[in-house]
Amino acid sequence: MQRLSNLRMFSIRRCGAFGSLLPSRPRVLRPGHHPHPTRPPHIPQIRPLSTAESVRSRLPAKPSGWVFVPAALLVLGGAGVVAYNYNQPFRHTALAVVRCSRVAEAAILGAIDYKLTFAKSYLSEDQKAAAYSACHTRSARRVLKALLANGGIFIKLGQHMASVAVLPREWTSTMRPLQDQCEPTAYEDLEAMFMSDMGMSISDYFEEFDPNPIGVASLAQVHVGRLKNSGERVAVKLQHPHLQEFCEIDMEMVEVSLGWIKHWFPEFEFTWLGEEMRENLPKEMDFVHEKRNAERAVADFQNIRTSLYIPQVKEARKRILVMEYIQGGRVDDLEYLSDHNIDRNKVSLELARIFCQMVHINGWFHADPHPGNLLIRPAGPSSNSPYNFEIVLLDHGLYFDLDTPLRINYSKWWLALIAPATPETLADRKKYAKLVGNIDEDLYPVFEAAITGRAALEGSWEDGGKGAGPPDVPRAKSMIDLSAQTEEEMEAIRNAVVQKEGLLVSVFDVLRRVPRRVLMVLKLNDLTRSLDRALMTTHSAVRIFLITAKYCTFAVWLDESQRLVSEMRRKGLSGMSLGLLWDYFWVWWRYEKMYRSLELAEWWMDSGARLVMAKAWIRGLFTVGGLQGAHRAAAGLA
């Protein structure tokens, strides 16, 4: 009994000291009960805990890895979402990385693909052509995928690529679907932007507003509405709201990507494209700037009898433009021209006159011309047009100016291209190419072909031109001697550019050297030539070149005559010499002689065009059937 009492007291003491460490409360032994009668019960030896161990024992258990990692990812993801939605620099950085990686991947993989393809040896020319074609297709598809993913201004870039004639057919055909790939902005987003910029809702500003756009472009979309006060029908141009945020990202991204390409592949330099975007994109996105351009264009043609018509702007904000609504057809729609009895030959010539007036006389020209920006409609009773139609020019967001020396030197270069190829003329051509485009003799043939849209003239490649020109293409002595451009010649130009590595690099070099304003003039030239072909005109292939020559002649005459008159005024009657009067007379006589000879050539070519159209009318009368068939045949529809 005494032993049991001692054990009971020991258990009580141990419970008092370390009860918190025991897994359960101690068993209490009843008197007379011995679970192990043969030996005394075993009492475990418990070591006292140190102070550090006691502290650790009271700390919470350390979580395992499978709990910590998901929790950390969840916290980081939540922080990223918050930063993306509420921190603009973070959002811009994230978007820039994604958008930049798309373009950089397409550009670098394409450059590597071209390098490897051009470096290989091929058993035959057919195998080589097939390999080059496959390389073009792969590279174009990579770029197309990146442009579609980024959207916005990249769609616009792809549309420009689709219209460049010297690019391989694989590139232009791959990029052509981008003409119809512009997605409209949701009406709710446009409503929010309108409220933010105008301070009122769309329904408060317009009596009627069609939520479905009549046209969607890469930077904006156009709706039709009716003003609440006057009831006038208007066209409403609304910028895509997301462009405001992406503009800076895209410009930075393009510059970085092109810088990478220049670093790794110096011969494929496109940094000028980034510089052009940096300069021009903010102008195109400012509709107040577009309003000012339109007003200046109207003033430039104020005292000229022309078929050009520019819609009146009613109101302009940075992202919203309300203007006069014009109903008409595309300028190259032969069905529309036939229905309204509009002569397609005159349409082509009038387009050439409008743009020549801008470039050679005004020195300030529309820099984004394409068929989507040109409408045609019948002329009304109050119209200033000399014909039965008006050409409506839209989208005045981007204009370029030409200073007087550049404008006159460019005009003189065109006159040298039209003159017969004598040694003096060939020297003048290369002299003015250097002044206009910063082009040396080795790149002159490439520059000449880009300006004229034809294989280089006689004496260009042979006199030290870099690379080799298109084979088996006849060379004319001047622009006047050019025959109609055939599909074989166009194909030969494309093949010469894309199948000869040295020539392809020369094209890139020309694009890098030529001033941006001159490149925009090249685009204008390409537009007038392509529209002349699309309209299926019956006049000579060089007819529009005669118009260019007339405006160049007039521009040079104005410059030289004004210079001589200024000198006469400066010297006065006492200082005026017979030499000055003779110089003035000689300049006038040279102008009159050239201008009248060009008018005679125009009359001859227009007579031939009318004869071709008359023959088509007679053929349609008998083969198609009746006057309606004759009319359609003369209109190029049968």
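Refer to the structure presented above.
Residues numbered from 1 in each chain as written. Predicted model: local features only at pLDDT ≥ 70, side-chain atom pairs only at ≥ 80, totals over all residues. Heavy atoms only, no water.

K.L.:
An account of the overall build of the chain is needed here, citing residue identities and associated values.
P.N.:
Scanning the chain from terminus to terminus reveals 22 helices and 12 strands. Considering the chain as a whole, with its 638 residues, one finds that 43% of them fall into the buried category. In the chain, 68% of the contacts between residues at least 6 apart in sequence involve partners at least 24 apart. With the model as given, the accessible surface of the chain reaches about 33,800 Å², and the carbon-plus-sulfur share is 58%. (Helix = DSSP H or I, 4+ residues; strand = E, 2+ residues; numbered from the N terminus. Buried < 20%, exposed > 50% of the residue type's maximum accessible area, 1.4 Å probe, protein only. Contact = heavy atoms within 4.5 Å. Areas by Shrake-Rupley, 256 points an atom, 1.4 Å probe, with all protein chains shown as cover.)

K.L.:
I'd like a description of the packing of helix H17 (residues 444–452) against helix H20 (residues 516–534), backed by residues and values.
P.N.:
Between H17 and H20, whose axes approach to 8 Å, the crossing angle comes to 50°. One way to sum up the angle between H17 and H20 is to call them oblique. Here H17 contributes Phe-447, Ala-450, Ile-451 and Thr-452 to the contact with H20, which in turn contributes Val-518, Leu-522, Asn-525 and Arg-529. (Axes fitted to C-alpha atoms, helices over the stretch in contact; angles between N-to-C directions. Parallel < 35°, antiparallel > 145°, perpendicular 65-115°, else oblique.)

K.L.:
Requested: an account of the packing of aromatic side chains, with residues and values cited.
P.N.:
Tallied over the full model, the rule gives 21 aromatic pairs. With a centroid separation of 6.2 Å and 90° between ring planes, the pair formed by Tyr-122 and Tyr-132 is classed as edge-to-face. Here Tyr-132 lies in helix H5 (residues 125–150) and Tyr-122 lies in the loop between helix H4 (88–119) and H5, a separation of 10 residues in the sequence. For Tyr-132, a relative accessible area of 6% corresponds to the buried category. Every member of this aromatic cluster is reached through a ring pair, and the members are Tyr-187, Phe-194, Tyr-205, Phe-206 and Phe-209. Lying over the aromatic face of Trp-364, Arg-296 brings its terminal NZ or CZ to 4.0 Å of the ring centre. (Phe/Tyr/Trp six-rings, centres within 6.5 Å; stacked < 30°, edge-to-face > 60°. Lys NZ or Arg CZ within 6 Å of the ring centre and 35° of its normal.)

K.L.:
Please provide a residue-by-residue account of the pairing of strand E11 (residues 389–393), values included.
P.N.:
Of all 5 residues making up E11, 5 are buried, and the element is well covered by its neighbours. By the alternation rule, side chains of E11 split into Phe-389, Ile-391 and Leu-393 and Glu-390 and Val-392, which are all buried. Bridge analysis of strand E5 (residues 308–309) against E11 gives 2 bridges, and the strand direction is parallel. The residue of E11 that forms the bridge with Leu-308 is Ile-391. With 5 bridges connecting them, strand E10 (residues 374–378) and E11 associate as antiparallel partners. When the bridges of E11 are listed, Leu-374 appears paired with Leu-393. (Pairing = 2+ DSSP bridges.)

K.L.:
Mind laying out the sheet that holds E5, listing which residues take part and the relevant values?
P.N.:
If you walk across this open sheet you meet the 4 strands as E5-E11-E10-E8, and the pairing is mixed. Each end of this open sheet is capped by a strand with a single partner; those strands are E5 and strand E8 (329–330). The sheet contacts of helix H14 (residues 344–362) involve E5, E10 and E11, and relative to E11 the element is tilted by about 45°.

K.L.:
Give a detailed account of a nonpolar patch on the surface, specifying residues and quantitative values.
P.N.:
Together, Trp-582, Phe-585, Trp-586, Trp-588 and Trp-589 make up a nonpolar patch on the protein surface, roughly 580 Å² of accessible area in all. By secondary structure assignment, the location of Trp-586 is in helix H22 (residues 578–634). (Patch = residues over 30% accessible without salt bridge, like charges linked within 9 Å, V, L, I, M, F, W, Y side chains within 5 Å. Salt bridge = Lys/Arg side-chain N within 4 Å of Asp/Glu carboxyl O.)

K.L.:
Could you give me a rundown of unusual backbone geometry, with the residues and numbers involved?
P.N.:
With phi around 55°, Asn-341 is a residue other than glycine that occupies positive phi space. For Asn-341, the position within the fold is in the loop between helix H13 (334–339) and H14. The class for Asn-341 is exposed, based on a relative accessible area of 55%. The phi torsion at Asp-395 lies on the positive side, around 55°, for a residue other than glycine. Relative to the elements of secondary structure, Asp-395 occurs in the loop between E11 and strand E12 (399–401).

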